Amino acid sequence: MRKDKALQSLFFVIKLLMAFTIISPILYAISASFMTNSDLASWPPKFITSNPIITNYQMALKSVPLFKFLMNSFLVCAIVIAAQVITASCTAYAFSFFEFKGRNVLFMVVLTTMMIPADATIIANFLTISKLHLTDTYIALVLPYLTGAMGIFLMRQYYMTVPKELKEASTIDGCGDLRFLTSILTPISIPAIASLCIYVFIQTYNQFLWPLLVTNSMDKRTVQIGMQMLHNSEAAEYGIVLAGAVMILVPSTLVFIIGQKYLIKGMTAGAVKG
Amino acid sequence: MKKTFSKIVAAMLSVAMLAACGGGTSSSQPASSTPEASTEASSSQTQAPEATTGGGDTTKLVFWHSMAGRNGEAIEKLVNDFNAAQTDYAIEIQYQSNYDDAITKLRSTPKGSGPDIMQLYDIGIRWMVDSGYALKVQDFVDRDGYDVSDIEPNIAGYYTLDNQLYGLPFNSSTPCIVYNKEALEKAGVDPLTDLGDFAAIKAAAQKVVDSGACEIGVAIPNYGWLFEQWVSIQDQDFVDNGNGRTDRATKVMFDSNGAGEKIVAAWQDLVSQPYAQHLGDTDATKLVFGQGGVAIIMESCAVYANMQSAAEGQFNVGLAPLPKIEAGNTGGPSVGGGALWIMDNGDDVRSNGAWEFIKFAATPEQQAQWSIGTGYLPISKGATEVDSYKTYLTTDNPDFMVIIEALRNSRPDRAGGVMGVFSRARKIVQDEMEAAINNPELDPKTVVEKMATQINEEIEIYNKTTK
């Protein structure tokens, strides 16, 4: 027994070390965002500065309206996530619970869209948006991302694991398709929905080229463009860039922490009902 | 029925809640979709949707730029000054990421809905001319009898093809030596006389290391721009057809005229010395320089302020002209940076407004302020006579005058090559140079031939696919 405990604490130390190694770049970024330019350039490199400054944060906020950009990113993410969850669960429902001719072919067609790199379609999408006179609007920011093959695939795979009997029993009790989807299927697929939400959030939050193309004015732009605006190519001031990065890192970290709780909660709930 | 609906609503709500877990609270949605007053006083005109005539007689103009950070603030100040100085035009500045991203965006923007004024890097000139997106600045100069004599001829020279000025230079920088003042002093090297060519650089670097002032004497970052500069300094052409200026370039020249081979040989020779070291690209080299690890590096003069703040408390930073490959070289360096272009939107009022703005940006007062704010060279000769700039040159940045003088002593006819695929070419030069630096055994001739073949292919594709 005692040996077990010793072994366990050893593993714990190893895990802690691994976690520290993985997170160290972020810790260094946070530490460096409080350093002066000469602290950053000093040799041997400093990991913690003796005289921390907050001017980097002040400069970052002064040169870029970061809060406005954050709000825009949140709005865009919220719309895209809501839309993807609705479209993906409805489409996946059809693919997994309805029997119809060409179902598999259609599903394959949806999957093949994942093979087309986003970079290849971005210009064509931009031309469409221009023709519709939608440039510099929130609509343009979200329109191409309201649905996605990845979400459909994810939800469909999850629905496939749901026993057919559940659906049959509901049908016998007089439950229609829409009601089955909303009040039976959705509650038990919270873990899948949560992972979809996190995935879509990270992807949308990190978008750079698309928001850059379709927006022009400062009050429609998103955080990643703000990051680029902090980076002066000929005289990069890394302290300021890192201060900006740390600020925009906070929301994504929070999303992950909150999302993780949902993931686990949903997973255990499903397991009991299995 | 009613129950079903309430269930749907409940489902929607749960979805919305999940969405809220994705970062934004749902209450934030209406708040941020209304055009609330910007909390930052940064952009003065934000509500106008597109560039068309607004209320009154004020014409709205759109200006695309690629200046970030400190330079972005300086350009904003310039535009605000212009808007305050007159009432006919109101310029809205729009940052479009770096120059390459801006070109991508411009290419996919339907004609007429793009910007009225655009800032683009030096090497984009051939593409801009070939694409027909811009109006020739020379036409406006001739029409108004505008006096261009105040513009540094060596800077304007780069944007002149066949005696026609295409873009008006705006942000200019030139390559130079950036050195550690205390280290050179300790080694007994006079930066004004002892850094003239590669042989002198070798001697100086040796002295630095011998004196123990720095671990590394000299480091040249692998930057394709420097290669181009040394072709110019040897008074040779980079590409054919008058360096791409009388007609579109069809092939590179630095292989056949021997300039490239000499650069590769000199560079390899320098790096193989014990007192020199290859540190990588510009960022890596600047980093080591800022740490006081190397005494002499070669960079754009625009890095001066940044290097100074990195070296603060350790040493002082000095600037000197870029060395010649051989003492007898008669050419000179050309400029980098960017120019302002008047974009063709088929509207005379707007193009005239753009012309007014770029003239304003070129005035001595504005160029003085711009240079102080950014570290770029002023393109206006008169800027050095502006009081604020005189003070800047004497107190804050005395070495800047050395660089301005070096540029003035260069020759307008050595303005540097022009071609449509310059950013590709630069990448190719850097890749081959990296191989050559890391393997001093590589024959310079083979290295140059490899560069030439690849760039020639790119030029051929460009010429076949562009009009």
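This structure is a prediction, so every number in the text was calculated from the model and none was measured. (Residues numbered from 1 in each chain as written. Chains lettered and ligands numbered in written order. Predicted model: local features only at pLDDT ≥ 70, side-chain atom pairs only at ≥ 80, totals over all residues. Heavy atoms only, no water.)

Caption draft 1: Main features of helix α13 (residues 223-230) of chain A. Extensive coverage of α13(A) is indicated by the burial of seven of its eight residues. Listed in full, the buried residues belonging to α13(A) are A:V223, A:Q224, A:I225, A:G226, A:M227, A:M229 and A:L230. (Buried < 20%, exposed > 50% of the residue type's maximum accessible area, 1.4 Å probe, protein only. Helix = DSSP H or I, 4+ residues; strand = E, 2+ residues; numbered from the N terminus.)

Caption draft 2: The arrangement of the packing of helix α19 (residues 422-438) of chain B against helix α20 (residues 444-465) of chain B in detail. Residue and element names in this part refer to chain B. Contact pair α19 / α20: the axes reach a minimum separation of 9 Å and the direction vectors enclose 160 degrees. When the axes of α19 and α20 are compared, the pair comes out roughly antiparallel. For the pair α19 and α20, the sense of crossing is right-handed. Contacts from R424, A425, I428, V429, E432, M433 and A436 of α19 reach α20 at V447, K450, M451, Q454, I455 and E458. Considering only residue class, the contact of α19 with α20 consists of eight nonpolar, one polar and four charged. (Axes fitted to C-alpha atoms, helices over the stretch in contact; angles between N-to-C directions. Parallel < 35°, antiparallel > 145°, perpendicular 65-115°, else oblique. Left-handed = near helix turned anticlockwise from the far one by under 90°. Contact = heavy atoms within 4.5 Å. Nonpolar A, V, L, I, M, F, W, Y, C, P; charged D, E, K, R; others polar.)

Caption draft 3: Main features of the pairing of strand β11 (residues 317-321) of chain B. Residue and element names in this part refer to chain B. Within β11, four of the five residues are buried, which leaves the element mostly enclosed by the surrounding structure. Pairing analysis gives five bridges linking strand β8 (residues 175-180) to β11, with the strands arranged antiparallel. Opposite Y179, over in β11, you have G318 as the bridge partner. (Pairing = 2+ DSSP bridges.)

Caption draft 4: Quick peek at the packing of aromatic side chains. Applying the stated rule across the entire model yields 31 aromatic pairs over all chains. For the pair B:Y392 and B:F400, a centre-to-centre distance of 6.4 Å together with 70 degrees between the ring planes defines the contact as edge-to-face. The same class applies to B:Y392 and to B:F400, which are both buried. Among the aromatic residues, those joined into a cluster by ring pairs are A:Y93, A:F97, A:F98, A:Y159 and A:F180. Against the face of A:F180 rests A:K167, its NZ or CZ located 5.6 Å from the ring centre. Positioned above the aromatic ring of A:Y138, the side-chain terminus of A:K220 is 5.3 Å from the ring centre. (Phe/Tyr/Trp six-rings, centres within 6.5 Å; stacked < 30°, edge-to-face > 60°. Lys NZ or Arg CZ within 6 Å of the ring centre and 35° of its normal.)

Caption draft 5: Summary view of the pattern of salt bridges. All names here are of chain B. The final tally for this structure, using the stated rule, is 23 salt bridges over all chains. The partner of D237 in a salt bridge is R414, with the nearest N and O atoms 2.4 Å apart. Residue D237 is found in the loop between α10 (224-233) and α11 (240-244), and its partner R414 is found in the loop between α18 (400-409) and α19; the two are separated by 177 residues along the sequence. D237 gets classed as partly exposed once you look at its relative accessible area, which sits at 24%. What makes R414 buried here is its relative accessible area of 7%. (Salt bridge = Lys/Arg side-chain N within 4 Å of Asp/Glu carboxyl O.)

Caption draft 6: Representation of the sheet that holds strand β9 (residues 216-219) of chain B. Residue and element names in this part refer to chain B. Taken in spatial order, the four strands make up an open sheet running β9-β10-β8-β11, and their pairing is mixed. This sheet does not close on itself; its edge strands, each paired only once, are β9 and β11. For this sheet, the mean angle separating the axes of adjacent strands, direction not counted, is 25 degrees. Pairing analysis gives five bridges linking β8 to strand β10 (residues 294-300), with the strands arranged antiparallel. Counterpart to P175 in the pairing with β10 is S300. On top of the sheet, α18 reaches β8 and β11; it is set at about 10 degrees to β11, its chief contact.

Caption draft 7: Geometry of the side chain of B:N180. Residues and elements named next belong to chain B. Counting through the fold element by element, N180 comes out in strand β8. A polar side-chain atom of N180 sits 3.3 Å from the main-chain amide nitrogen of E182. The residues contacting N180, other than those within four sequence positions of it, are C214, F289, G292, V294, A295, F315 and N316. (Polar contact = N/O pair within 3.5 Å; in protein donor to acceptor, adjacent residues only side chain to side chain.)

Caption draft 8: Here's a closer look at unusual backbone geometry. Phi at B:S97 is positive, roughly 60 degrees, even though this residue is not glycine. Of note, B:S97 is situated in the loop between β2 (89-95) and α4 (99-108).

Caption draft 9: Structural context of a nonpolar patch on the surface. All names here are of chain A. A cluster of nonpolar side chains, contributed by F20, I23, I26, L27, I30 and L249, occupies part of the molecular surface with about 490 Å² of accessible area. At five residues, the largest contribution of residues to the nonpolar patch is made by helix α1 (residues 2-32). Mapped onto the elements of the fold, L27 is located in helix α1. Relative accessible area serves as the criterion here: at 38%, L27 is assigned to the partly exposed category. (Patch = residues over 30% accessible without salt bridge, like charges linked within 9 Å, V, L, I, M, F, W, Y side chains within 5 Å. Areas by Shrake-Rupley, 256 points an atom, 1.4 Å probe, with all protein chains shown as cover.)

Caption draft 10: Spatial organisation of the environment of B:N329. Residues and elements named next belong to chain B. Along the chain, N329 falls in the loop between β11 and β12 (336-343). Separated by 97 residues in sequence, N329 and S232 place their C-alpha atoms 9.5 Å apart. Residues in contact with N329, not counting those within four places in the same chain, are I233, Q234 and K324.

Caption draft 11: Up close: the nonpolar core. Counting residues in hydrophobic clusters, the biggest one holds 144 residues, and the most contacted among them are B:M128, B:L195, B:F227, B:W230, B:F357 and B:M419. When near neighbours in sequence (up to four residues on either side) are disregarded, B:M419 contacts B:I123, B:R126, B:F238, B:V239, B:A249, B:A425, B:I455 and B:I459. By size, the runner-up hydrophobic cluster in this structure holds 64 residues, among which are A:L75, A:F107, A:Y159 and A:L196. (Core = buried A, V, L, I, M, F, W, Y, C linked by side-chain atoms within 4.5 Å.)

Caption draft 12: Examining α19(B) more closely. Residues and elements named next belong to chain B. An ideal rise of 1.5 Å per residue puts 24 Å on 17 residues; α19 measures up with 24 Å between its terminal C-alpha atoms. Where α19 is concerned, the buried positions are F422, A425, R426, I428, V429, E432, M433, A436 and I437. The buried residues of α19 occupy an angular sector of 160 degrees when the element is viewed end-on, so they sit on one face. Looking at the buried residues of α19, the elements they touch are α10, α12 (259-271) and α20. (Expected span 1.5 Å × (residues − 1). Arc of directions from axis to C-beta.)

Everything listed is a geometric property; what it means functionally is a separate question.
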